[in-house]
Amino acid sequence: MASRRNVKYSRLDDIEDDESYTFPDADNKRGKRYDPRFEYMPKSLDKVPWRSVLLALFLLSLGCILLVVSVFILTDHMGGERSQAYGLFALGIIAFLPGFYETRIAYYSWRGAAGYRFASIPDY
């Protein structure tokens, strides 16, 4: 067992000085505390990552096409084997899901919905 160090601890003050963390305009913020960590709003958060948006649209359209082709093969509207249809279906799901997710974030960010920013989309 490791030896204990002799550290002298002292009690904290009972009264905390929270006046430095109050909003300067307390009437508009309804008594909420001011936290400077959430004040940083750079312009780079509003920059549109065009490559990522185009990649998301490509993945969404590729996934839709692969899913439709696999359904056509499964329902015998197109020629092909069932194993091909299952493979295309799996590839369609793999392409569709991230494409839909990123396109949805880009759309809501473009519309200005609360909680959605272009910074949530990785930039390549």
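You'll find the structure just up there.
A brief structural summary. (Residues numbered from 1 in each chain as written. Predicted model: local features only at pLDDT ≥ 70, side-chain atom pairs only at ≥ 80, totals over all residues. Heavy atoms only, no water.)

With that settled, the discussion passes to unusual backbone geometry. Positive phi, close to 65 degrees, is recorded for Asp76, a residue that is not glycine. Within the fold, Asp76 resides in the loop between helix 2 (50-74) and helix 3 (82-111). What makes Asp76 exposed here is its relative accessible area of 62%. (Helix = DSSP H or I, 4+ residues; strand = E, 2+ residues; numbered from the N terminus. Buried < 20%, exposed > 50% of the residue type's maximum accessible area, 1.4 Å probe, protein only.)

End to end, helix 3 covers 41 Å across 30 residues, agreeing with the expected 44 Å (1.5 Å per residue, within 8%). Turning to helix 3, its buried residues number three or more, namely Ala85, Gly92, Ala95, Gly99, Glu102, Thr103, Ile105, Ala106 and Ser109. Buried residues in helix 3 make contact with helix 2. A positive phi of about 85 degrees marks Gly112, the residue just after helix 3. (Expected span 1.5 Å × (residues − 1). Contact = heavy atoms within 4.5 Å.)

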